[in-house]
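# Architecture at a glance
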Amino acid sequence: MRIPRKMEHVHHALQLGQSGNQGFADIKLIHNCLPETSTSLISLQTSIGELNLSSPIIINAMTGGAHETEEINRELAIAARETGLTMAVGSQMSSLKNPEVASSYRIVREMNPDGIIFGNLGSEATLEQALRAVEMVRADALQIHLNVMQELIMPEGDRDFQGMLKRISAIVDQVGVPVIVKEVGFGMARESVDALLGIGISVIDVGGYGGTNFAAIENMRRSLPMEWLNEWGCTTATALLEADYASSRHVNVFLIGSGGIRNSLEACKALILGASAVGVAGAFLRTLRQEGTAALVEHIREMHNEMKLVMTALGAPTVQDLHKVPVVISGETAHWCYARGIDIQSFANRNGFIKIT
């Protein structure tokens, strides 16, 4: 019997793991020997749009749409509830076409009735489908994911991407909850960010290269793989810098950094590059499947403690203060920024270090 596509994705994601090539090795933190703060003063609270989060860590969209994935979403929702994390479900389109698998998404709200939950659909979704997806999980926001290259490699994927912005714009105007547009692992360039900001999107998840590789996953499902596309896209660090450059010309824009974030240091680097929150998926899925829910809860709590240590060392008591911390950008990321006209010296000379109290 053929394994459902959603479970194929889970199996391949765990098998492939994360490359670690998300660009954060090029982001060099500058030591602050006079931080003038205390771990007791560190706050992990943050905001994305009108949503106030107790932690900048989001359990990002992973799965759903098959009976086999319901258990995964149940346990992720329990971990989110126990640690106060926001959680996004995987694409709900399958449940709109096949209502009998809707329970694999509803379970998230059942397990975490008071938590912040994001619904999720692709850019092919209509307004009517968006409204149904939000109602299904009583979503506090709706993610619209962009996965053009994944679809093109997917044997049964879409080939027509006309009207994406128009459909997203209609959803933004009428769905009634904040809309987050996210990439699934190929990153965003500033031209795309500009276009999204132009239709009223204010929360963007850059979803860069370096985490779960959906090009490689879909190639594993092809009889004739196109492996030359497995490195398509830009890294998470580069995508954040591109999005930060574009959003600097606008007000009230919030970035989410995701794509290969595996630990607290990488999470802090994403925040330093302009993100207000970070999405983690593959690293949490691996912990859940290999060690169980209790281990995942402990993993998240340890990440929180480690982030507070890093923020203390940098003299940044809040997520907003991390946006002011100076950082040196090197390597391929620096070369990319130079070619694209992104001023990396401004990051190296930010004035967020010494505080006189």
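Here the residue index of a chain counts from 1 through its sequence in written order. Only residues with pLDDT of at least 70 are given local features in this predicted model, and only at 80 or more are side-chain atom pairs given and counted; all residues enter the totals for whole chains, interfaces and linings. Only hydrogens and water are set aside; all other atoms, that is, all heavy atoms of the structure, feed into the side-chain values.

### Digging into the nonpolar core
In these notes, a set of buried Ala, Val, Leu, Ile, Met, Phe, Trp, Tyr and Cys residues joined through side-chain atoms within 4.5 Å is what counts as a nonpolar core. Exposed residues in this analysis have more than 50% of their type's maximum accessible area, buried residues have under 20%, and partly exposed residues fall in between, with area computed by a 1.4 Å probe over protein chains only. Grouped together as the largest cluster of nonpolar side chains are 89 residues, with contacts concentrated most on Leu142, Ile204, Leu273 and Phe284. A helix here means a DSSP run of H or I that spans at least four residues, while a strand means a run of E at least two residues long, and both kinds are numbered starting from the N terminus. Here this core takes eight residues from helix α13 (residues 293-314), the largest share from any one element. With residues up to four places along the chain from it excluded, the contact list for Phe284 reads Ile57, Ile59, Met62, Leu85, Leu296, His299, Ile300 and Met303. Ile48, Ala141, Ile180 and Ala277 belong to the second-largest nonpolar core, a separate cluster that totals 13 residues. When checking whether two residues touch, look at their non-hydrogen atoms; a contact exists if any pair is within 4.5 Å.

### Notes on the packing of helix α2 (residues 67-83) against α13
Where helices are involved, their axes are fitted lines through C-alpha atoms of the stretch in contact, as for all axes, and angles between N-to-C directions lie from 0 to 180°. Orientation of α2 relative to α13, taken along the N-to-C sense of each, is 40°, at an axis distance of 9 Å. Between α2 and α13, the crossing angle belongs to the class labelled oblique. In this structure, α2 crosses over α13, and the sense of that crossing is right-handed. Residues Glu75, Leu76, Ile78, Ala79, Glu82 and Thr83 of α2 form the contact with α13, whose participating residues are Thr293, Leu296, Val297, Ile300, Arg301 and His304. For this classification, Asp, Glu, Lys and Arg are treated as charged, while Ala, Val, Leu, Ile, Met, Phe, Trp, Tyr, Cys and Pro are nonpolar and the rest, including Gly, are polar. Classifying every residue of the contact of α2 with α13 gives six nonpolar, three polar and three charged. An angle below 35 degrees is read as roughly parallel, one above 145 as roughly antiparallel, one from 65 to 115 as roughly perpendicular, and any other as oblique. Note on convention: near helix rotated counterclockwise from far helix by under a right angle means a left-handed crossing. Clockwise means right-handed.

### Re the layout of surface pockets
A cavity here means a set of points on a 1 Å grid, drawn over the protein atoms and nothing else, where a 1.4 Å probe fits but cannot get out; a pocket is an open set with protein on both sides within 12 Å along at least five of seven lines, and a residue lines either one if it has an atom within 4 Å of a point. Grid points are joined across faces, edges and corners, and a volume is the space filled by probe spheres set on the points. In this structure, the second largest pocket spans a volume of roughly 390 Å³. What lines the second largest pocket is a set of 18 residues, among which Leu146, Glu183, Gly187, Met188 and Ser192 lie closest to the centre. Put simply, the parts of the chain that give the lining of the second largest pocket at least two residues each are α6 (148-153), α7 (164-174) and α8 (190-198). Residue composition of the lining of the second largest pocket, grouped by class: 14 nonpolar, three polar and one charged.

### Observations concerning the pairing of strand β10 (residues 254-258)
For β10, the tally of buried residues reaches five of five residues, placing the bulk of the element in the interior. Of the two faces of β10, the one holding Phe254, Ile256 and Ser258 and the one holding Leu255 and Gly257 are both buried throughout. Bridge analysis of β10 against strand β11 (residues 275-280) gives four bridges, and the strand direction is parallel. Each bridged residue has a counterpart across the sheet, and for Ile256 the counterpart in β11 is Ala277. A pair of strands is treated as paired once DSSP finds two or more bridges between them.

### Examining the packing of helix α12 (residues 282-291) against α13
In a packed pair of helices, the relevant descriptors are the angle between the two axes and the axis-to-axis distance. One can describe the packing of α12 onto α13 by two numbers: an axis separation of 7 Å at closest approach and a directional angle of 140°. As for the relative orientation of α12 and α13, their crossing is right-handed in sense. Across from Ala283, Phe284, Thr287, Leu288 and Glu291 in α12, the residues of α13 making contact are Thr293, Ala295, Leu296, His299, Ile300 and Met303.

### A short note on the pattern of salt bridges
Side chains that differ in sign of charge can pair as their charged atoms come close. Here, a salt bridge means any side-chain nitrogen of Lys or Arg that lies within 4 Å of a carboxyl oxygen of Asp or Glu. For the structure shown, the criterion picks out 10 salt bridges. Where Arg340 meets Glu242, a salt bridge forms, and the shortest distance between an N and an O atom there is 2.7 Å. Taken together, the residues span a long stretch of sequence, with Arg340 in helix α15 (residues 331-340) and Glu242 in helix α10 (residues 236-247) at a distance of 98 residues. Using a relative accessible area of 22% as the deciding quantity, one classes Arg340 as partly exposed. Note on Glu242: relative accessible area 0%, which makes it buried. Among the ionic pairs, Asp321 bridges to Lys324, the shortest N-O distance being 3.7 Å. One network of salt bridges, in which partners are shared, links Glu156, Glu218 and Arg221.

### So, the UniProt feature "binding site: Mg(2+)" (unreviewed entry) in the protein
UniProt positions are given in the numbering used here, feature names are shortened, and annotations may be inferred rather than shown by experiment. Following the UniProt record, the feature "binding site: Mg(2+)" (unreviewed entry) maps to Glu151 here. Within the element layout of this structure, Glu151 appears in helix α6. Residue Glu151 is classed as buried on the basis of its relative accessible area of 12%. Dropping the residues within four chain positions of it, Glu151 is found in contact with Gly157, Asp158, Arg159 and Phe161.

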